[in-house]
Amino acid sequence: MTRRVLIALPKGRLYDRATGLLARGGIKIPGADGTSRKLVLADEEGKYEFVPLKPVDIPVYVESGAMDAGIVGSDVLRELESDVYEPVDLGIGRCRMVLAAPESSVLPKGGALRVATKYPRTTERFFRDRHAHPHIVRLDGSVEIGPLLGLSDAIVDLVETGRTLRENGMRVVEEVAAVSAKLIVNRTAMKVKSADIRRLVTQLDTVVYEDR
Amino acid sequence: MGERSIGLPAGFRDIVFDTAERRRRIEGEFAAVLNDAAYREVVPSMVEYLDLYARGNQGVRERALRFLDRDDALLALRADFTPAVARIVAGRLPDLHLPVRLWYSGPVFRKTGRHSAQYRELAQIGAELVGGLPPEADAEILDVALECLARAGFTDASVHVNHAGIFRGLVDSLGLEPGRLAEIRSAIDRKDMRALDVRLEELGVHGGVRSQVGALSRCVGDERALEEAAGSLVNEESRSAIASLERLASALPRWKDRIVYDLTEIDEMEYYTGIMFTFLSPRHSAELGRGGRYDTLMREFGADLPAVGFSFSMDALGECA
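All of these numbers come straight from a predicted model, not from anything done at the bench. (Residues numbered from 1 in each chain as written. Chains lettered and ligands numbered in written order. Predicted model: local features only at pLDDT ≥ 70, side-chain atom pairs only at ≥ 80, totals over all residues.)

1. With respect to the domain arrangement of chain A
Residues and elements named next belong to chain A.
- Along its sequence, chain A is carved into domain 1 (5-93 + 180-210) and domain 2 (95-178).
- For domain 1 and domain 2, the distance between their C-alpha centroids amounts to 30 Å.
- Taken together, the contact between domain 1 and domain 2 spans 6 residues of the former and 8 residues of the latter.
- Residues that form the side of domain 1 that touches domain 2 fall into these classes: no nonpolar, 2 polar and 4 charged. (Domains from an automatic or database assignment. Contact = placed C-beta atoms within 7 Å. Nonpolar A, V, L, I, M, F, W, Y, C, P; charged D, E, K, R; others polar.)

2. Focus on helix α8 (residues 194-210) of chain A
Residues and elements named next belong to chain A.
- Along its 17 residues, α8 runs 24 Å from first to last C-alpha, staying within 8% of the 24 Å computed at 1.5 Å per residue.
- For α8, every residue scored as buried is listed here: Ile-197, Leu-200, Val-201, Leu-204 and Val-207. Along the long axis of α8, the arc covered by the buried residues comes to 140°, so they all point the same way. More than 90 degrees from the buried face of α8, the exposed residues found are Ala-195, Tyr-209 and Glu-210.
- Contact partners of the buried residues in α8: β1 (5-10), α1 (15-24), β4 (69-73), β5 (85-89), β11 (181-185) and α7 (187-192). (Helix = DSSP H or I, 4+ residues; strand = E, 2+ residues; numbered from the N terminus. Expected span 1.5 Å × (residues − 1). Buried ≥ 20, exposed ≤ 12 C-beta atoms within 10 Å, placed from the backbone. Arc of directions from axis to C-beta.)

3. Quick look at the confidence of the model for chain B
- Confidence along chain B averages 93 in pLDDT terms, with 99% of residues attaining 70 or more.
- The ipTM value of the predicted complex is 0.88, and its pTM value is 0.91. (pLDDT = per-residue confidence, 0-100.)

4. Describing the environment of Thr117(A)
All names here are of chain A.
- For Thr-117, the location among the structural elements is in strand β7 (residues 114-117).
- Spatially, the C-alpha atoms of Thr-117 and Ile-184 are 24 Å apart, while their sequence positions differ by 67 residues.
- Look past the residues within four positions of Thr-117 in its chain and what remains in contact with it is Thr-123, Ile-136, Arg-138, Leu-139, Val-143, Ile-155, Val-156 and Asp-157.

5. Quick notes on unusual backbone geometry
- Here the bond from Leu98(B) into Pro99(B) is cis, since omega is -5°, no more than 30 degrees from zero.
- Assignment of secondary structure puts Pro99(B) in the loop between α3 (82-91) and β5 (100-109).
- Going from Pro134(B) to Pro135(B), the amide bond is cis rather than trans, its omega being 0°.
- Looking at the element boundaries, Pro135(B) is found in the loop between β6 (121-130) and α4 (136-151).
- The phi angle at His131(A) is positive, at roughly 55°, despite the residue not being glycine.
- Looking at where His131(A) falls in the secondary structure, it is placed in the loop between α4 (120-129) and β8 (135-138).
- Look at His131(A) and you get exposed, because 7 C-beta atoms sit within 10 Å.
- Even without glycine at this site, Glu270(B) takes up a positive phi of about 55°.
- Its place among the elements puts Glu270(B) in the loop between β9 (259-262) and β10 (275-280).

6. Examining the packing of helix α1 (residues 17-36) of chain B against α4(B)
Residues and elements named next belong to chain B.
- Between α1 and α4, whose axes approach to 9 Å, the crossing angle comes to 140°. Classed by the angle they form, the pair α1 and α4 counts as oblique. Regarding α1 and α4, the two cross each other, and that crossing is right-handed. Residue-level inspection shows Glu-29, Phe-30, Val-33 and Leu-34 of α1 in contact with α4, the latter providing Val-144, Glu-147, Cys-148 and Arg-151. (Axes fitted to C-alpha atoms, helices over the stretch in contact; angles between N-to-C directions. Parallel < 35°, antiparallel > 145°, perpendicular 65-115°, else oblique. Left-handed = near helix turned anticlockwise from the far one by under 90°.)

7. Some points on the sheet that holds β6(B)
Residue and element names in this part refer to chain B.
- In space, the 9 strands of this open sheet follow the order β1-β5-β6-β12-β11-β10-β7-β9-β8, with mixed pairing throughout. Single-partner strands in this sheet number two, and they are β1 (40-41) and β8 (220-221).
- As paired elements, β10 and strand β11 (residues 289-293) share 4 bridges and run antiparallel to each other. Across the sheet, Thr-278 pairs through a bridge with Arg-290, a residue of β11.
- Lying on the sheet, α4 is in contact with β6, β7 (158-163), β10, β11 and β12 (307-313); it crosses β12 at an angle near 15°.
- Here helix α10 (residues 236-251) sits on the sheet and contacts β7, β9 and β10; the angle it forms with β7, its principal contact strand, is near 145°. (Pairing = 2+ DSSP bridges.)

8. Remarks on the pairing of β7(B)
All names here are of chain B.
- Among the 6 residues of β7, 6 are classified as buried, and the element is accordingly described as predominantly covered.
- Burial of the side chains of β7 extends over both faces: Ser-158, His-160 and Asn-162 are buried on one face and Val-159, Val-161 and His-163 on the other.
- Direction of pairing for β7 relative to β10: antiparallel, over a ladder of 6 bridges. Counted as the bridge partner of Ser-158 is Leu-280 from β10.
- Looking at chain direction, β7 and β9 are connected through 3 bridges and run parallel. Bridging across to β9, Val-161 finds its partner in Tyr-261.

Below is the structure:
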């Protein structure tokens, strides 16, 4: 009667780590390694169905109930302010979201500051908590070029190793948030498909905490 | 003018033919049940002062579709029925016999994010029981709601029942300063119990109290979930809330297999003061409806009366029929 649990997988940098984690939790997905061209992939046991999606779309699908669950970075989740459950911090895709500026620069105070970012809402919340209201410029790619070309004084972006920042002559001013991938679950699905979803949560939770 | 005026603004739609007929039929079944149970229909105004929504469920005011009156007063399209019903009852109190039983059906309008999957016009049907106390009034409102669902053919629908006092009592017993409570409530609401436990430990919350939070997060199921919660929670407010759910359970034997006790939810908005519940169907990916007890709302309209009510989404009912 109840349909199978639909789970969104993030295309891109998290994809292999997410499917790897699922496999170690006992959820094997034939074709998930790119050998299948199907849009929907079933796991071996036929409990779950997986749909690879662009990460930024995943919270939208899960919040609306079009998908029951998904794996997505907390950077995207906080930016969209999605109303979903986050029962497991998967610990993959760890990085930091930071405020960064050119090495030599002194940041202007208050409203004069211009910040370029892919995360305008997160950036606004970060500065609002510090009672500051900079001008935020929303960009879609290569944010670190903003200050080089005079578009902005600073950036808010993800940093894994810090190499990109260093190579572009920038320094970290302050950490905005620690980022990692989360399992997210639709509020209604958690109740209506509770047995399957709780099993998924336990499987992932067990693998994640074996590693720590 | 031109093409733009023929289409619809984002977030609105026409309901036609089969869907319209299905909704009319469901509304008819619900109305018959409600009228039989001595609930009387009210049709609150479609336009309100925006400030009506400063009372009651916080968050509705921000989401109301607003516009200006001739004298520049801020008006809103109806964004919620409950405050309007509270006003209607409070304004007519001398002439009403308590408890007052009312039902309503119609659209409410709420802002959504740009390009959201949500609609801005939502069809609702619901009822309020003002001036009645638990457990009788709570049992009555759930009985009526479940009868509406049954009569309209939603035979596989269930209701997840909880009590706001259970988590409130536990959160109060954590001994945290008020500034931390919002953070902890929202962490409980996200259900990452490991992260929550780490955070509570950082804040110096005793292990014995932390383990109660973990235990409560697993209390879902039949009446045994209530026993389990009663066995692990020690504070008085939580225990008395569990006891009132046990009384509710014994008052509703007829619906025993329709009721799930789900104590894992926190009322993050702090709107409800007693029972709170959600109607669900395995055939639908969104909740069918919700409701609960809000004993402080009527006071904001100058009448200190307890109240309990429910409201169904006609959009969800129509899609799942």
